[in-house]
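# Architecture at a glance
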Amino acid sequence: MTAVTPMQMKQLEAQADENGISYSELMERAGSALADKMLDMLSNMPSKRVLFLCGKGNNAGDCFVAAAKLDR
């Protein structure tokens, strides 16, 4: 994984949007990947309860997507 600055991330998101991948799709993909990773982690834990603390920044949408996917 490569770490990027906020400015680089904005540029990458803009490039993705120009190539037909909307901001909503990026958020859906990020949230789904987070939910999948959490499911893997939870499989080895006795408690399956998760608390999401979603702020108001750009990653909050990813957090809400992941929470919705795990709320089944």
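Above this note sits the structure.
To start, this report covers the structure provided alongside it.

## Some points on the state of the cysteines
Per the counting criterion, the structure on display carries one disulfide. C54 shares a disulfide with C63; S-S distance 2.1 Å. Since a negative S-S torsion denotes a left-handed disulfide, the C54-C63 link at about -70° is left-handed. Classification of C63 by relative accessible area gives buried; the value is 11%.

## Re the environment of A67
Along the chain, A67 falls in helix α3 (residues 60-70). Sequence separation between A67 and S47 is 20 residues; the distance between their C-alpha atoms is 16 Å.

## A word on the environment of D71
Looking at the secondary structure, you find D71 in the segment after α3. Among the residues examined, D71 registers a relative accessible area of 65% and is labelled exposed. Along the sequence, D71 and V50 sit 21 residues apart, while their C-alpha atoms lie 9.6 Å from each other.

## A look at the side chain of S32
Checked against the element boundaries, S32 lands in helix α2 (residues 23-42). Judged by its relative accessible area of 19%, S32 falls in the buried class. Discounting residues that sit within four places of it in the chain, S32 has contacts with V65 and K69.

Here is what the cut-offs are and how they apply
Residues numbered from 1 in each chain as written. Predicted model: local features only at pLDDT ≥ 70, side-chain atom pairs only at ≥ 80, totals over all residues. Heavy atoms only, no water. Disulfide = S-S within 2.5 Å. Buried < 20%, exposed > 50% of the residue type's maximum accessible area, 1.4 Å probe, protein only. Helix = DSSP H or I, 4+ residues; strand = E, 2+ residues; numbered from the N terminus. Contact = heavy atoms within 4.5 Å.

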